[in-house]
Amino acid sequence: IKTLCSFLQIGRNMHGGNQTIISEFILLGLSNQAEQQKLIFVLFLCMYLVTVVGNGLIILAISVDVHLHTPMYLFLANLSFADISSISSLVPKMLMNIQMKSQSISYGNCITQMYFSIMSVVTENFLLGTMAYDRFVAICHPLNYTTIMRPRLCILLAVIPWVLSNGIALTHTLLLIRLLFCNTNTLPHFFCDLATLLKLSCSDTTINELVLFVVGLSVITFPFALILFSYVCIIKAVLKISSAEGKRKAFSTCGSHLTVVLLFYGTIVGVYFFPSSTHPEDTDKIGAVLITLVTPMMNPFIYTLRNKDMKGALTKLINRKSSSL
Ligand SMILES: *[C@@H]1O[C@H](CO)[C@@H](O)[C@H](O)[C@H]1NC(C)=O
């Protein structure tokens, strides 16, 4: 992507005439006060480490323990991988800039960051849909579970989110690199956010905004509809179970997923549907922090603290490591 960008920029310089072409952007970040910068550095470093270690342990525990080689846990490992990718696309660059007291990001790095942040958030979103479908089959068609969730379908259901999200990120990237940035290069954000970049461009961004709207809406709507449909069936099925023990058991396997879904969509709804009208830019930033950083950090806790199998696998993993040391 970086090579492609620098190549296209050369092309633009040639017919750009006497327009100044921007080769880097300035990221204003979350704050410009030195004291707050220090606090932000420590806070984001901790969040980054917790997310990478937590999700890394989930992936390790699932891949080591053969009992967890079931669709539900393999999808969870995919989600953890997307979580690591989401936070890694933003935080390291931000920490480095704070440490080096610099605010700049090169054009190529900016586009690359935008690509990976879009790709990982869209993947997370689709994977939540996949996981809901898995729970739907497990609870509403328990007898046919193994015949429906064949290995081949599982791989397909796990691969589709990654393929679609890369396609979407690529579309946005190709549409963005046609644009010219001439007057200002200051982004009031802590990473190269697509919507913020579009506001800055001096070219016509109608197509970009249209695509952003249509794709954004469908990316949220389709998985959400699938999740809603699945949970309506799940709740119906659970209500039919007469024993309290059976009810508890059915809900315990989808409780974690439901918590993650509520956290993810609750944030989106809270931030974008009830924005504070006085500081729209702050709303954008807080929303981005919550969706791209806080949700990935919470997922490991939600899944391990409530789930006996995951707890067991993690304990086994840690015991094995300490005994081999
Ligand atoms: C993602 O899911 C697929 C299919 O279930 C599985 O084969 C693969 O190992 C998973 N990826 C990760 C990183 O766990």
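Residues numbered from 1 in each chain as written. Predicted model: local features only at pLDDT ≥ 70, side-chain atom pairs only at ≥ 80, totals over all residues. Heavy atoms only, no water.

### Describing the nonpolar core
- In this structure, Phe25, Leu76, Leu176, Phe181 and Leu197 are the most contacted members of the largest nonpolar core, which totals 72 residues.
- Take this core: its biggest share by element is 18 residues, from helix H5 (residues 107-140). (Core = buried A, V, L, I, M, F, W, Y, C linked by side-chain atoms within 4.5 Å. Buried < 20%, exposed > 50% of the residue type's maximum accessible area, 1.4 Å probe, protein only. Helix = DSSP H or I, 4+ residues; strand = E, 2+ residues; numbered from the N terminus.)

### Examining the UniProt feature "transmembrane region" (unreviewed entry) in the protein
- The UniProt record marks residues 39-64, 70-91, 153-181, 210-239, 251-274 and 286-305 with the feature "transmembrane region" (unreviewed entry), using the residue numbering of this structure.
- Secondary structure content for residues 70-91 is 86% helix and 0% strand, while the C-alpha to C-alpha distance between its ends is 32 Å.
- For residues 210-239, the helix share is 100%, the strand share is 0%, and the end-to-end C-alpha distance is 43 Å. (UniProt positions renumbered as here; feature names shortened; annotations may be inferred.)

### A look at the packing of aromatic side chains
- Under the counting rule described, the total for this entry stands at 10 aromatic pairs.
- A centroid spacing of 6.4 Å and a plane angle of 70 degrees characterise the contact between Phe44 and Phe190, whose relative ring orientation is edge-to-face. One end of the pair, Phe44, is in helix H2 (residues 34-64); the other, Phe190, is in the loop between strand E3 (186-187) and helix H8 (194-200), with 146 residues separating them in the sequence.
- An aromatic cluster of three or more residues is present, and its members are Phe25, Tyr107 and Phe181. (Phe/Tyr/Trp six-rings, centres within 6.5 Å; stacked < 30°, edge-to-face > 60°.)

### Remarks on the environment of Gln99
- If you trace the backbone, Gln99 turns up in helix H4 (residues 91-99).
- The spatial distance from the C-alpha of Gln99 to the C-alpha of Glu245 is 54 Å, given a sequence separation of 146 residues.

### Overview of the environment of Asn125
- Locating Asn125 in the fold gives a position in helix H5.
- Of the residues examined, Asn125 reaches a relative accessible area of 3% and is grouped as buried.
- Residues Asn125 and Leu176 lie 51 residues apart in sequence; the distance between their C-alpha atoms is 23 Å.
- Not counting residues up to four positions away in its chain, the partners in contact with Asn125 are Val219, Ile220, Pro223, Phe264 and Tyr265. (Contact = heavy atoms within 4.5 Å.)

### Things to note about helix H9 (residues 206-240)
- Taking 1.5 Å of rise per residue, 35 residues should cover 51 Å, and H9 covers 51 Å from first to last C-alpha, within 8% of that figure.
- What H9 keeps buried is the set Asn208, Val211, Val219, Pro223, Ile227, Ser230, Tyr231, Cys233, Ile234, Ala237 and Val238. (Expected span 1.5 Å × (residues − 1).)

### Brief notes about a nonpolar patch on the surface
- The grouping of Val50, Met298, Phe301 and Leu305 at the surface amounts to a nonpolar patch, some 340 Å² of accessible area in total.
- Looking at the nonpolar patch, the element that brings in the most residues is helix H11 (residues 280-305), giving 3 residues.
- When you line up the elements, Val50 lands in helix H2. (Patch = residues over 30% accessible without salt bridge, like charges linked within 9 Å, V, L, I, M, F, W, Y side chains within 5 Å. Areas by Shrake-Rupley, 256 points an atom, 1.4 Å probe, with all protein chains shown as cover. Salt bridge = Lys/Arg side-chain N within 4 Å of Asp/Glu carboxyl O.)

### Re the side chain of Asn55
- Relative to the helices and strands, Asn55 resides in helix H2.
- With residues near it in sequence (within four places) discarded, Asn55 still touches Ser80, Asp83, Ile84, Pro296 and Pro300.

### Re the state of the cysteines
- As enumerated under the stated definition, the model contains 2 disulfides in all.
- Across a sulfur-sulfur distance of 1.9 Å, Cys110 and Cys192 are joined as a disulfide pair. Disulfide Cys110 to Cys192: torsion about the S-S bond roughly -115 degrees, handedness left-handed. With Cys110 in helix H5 and Cys192 in the loop between E3 and H8, the pair connects residues that are 82 residues apart, well separated along the chain.
- On the accessibility criterion, Cys192 (0% relative accessible area) is buried.
- Disulfide pairing places Cys182 opposite Cys202 at an S-S distance of 1.7 Å. The sign of the 115 degrees torsion about the S-S bond sets the Cys182-Cys202 disulfide as right-handed. Here the residue Cys182 occupies a position in the loop between helix H7 (151-176) and E3, and Cys202 occupies one in the loop between H8 and H9, the gap between them amounting to 20 residues. (Disulfide = S-S within 2.5 Å.)

### With respect to the site of the ligand
- Around the ligand, the surrounding shell consists of Leu74, Ala77, Asn78, Cys154, Ile155 and Ala158.
- For the shell around the ligand, the residue count by class is 5 nonpolar, 1 polar and no charged. (Near = heavy atom within 4 Å. Nonpolar A, V, L, I, M, F, W, Y, C, P; charged D, E, K, R; others polar.)

### Here we look at H2
- For H2, with 31 residues, the first-to-last C-alpha span of 44 Å sits near the 45 Å given by 1.5 Å per residue.
- For H2, the set of buried residues is Ile40, Phe44, Met47, Tyr48, Thr51, Gly54, Asn55, Ile58, Ala61 and Ile62.

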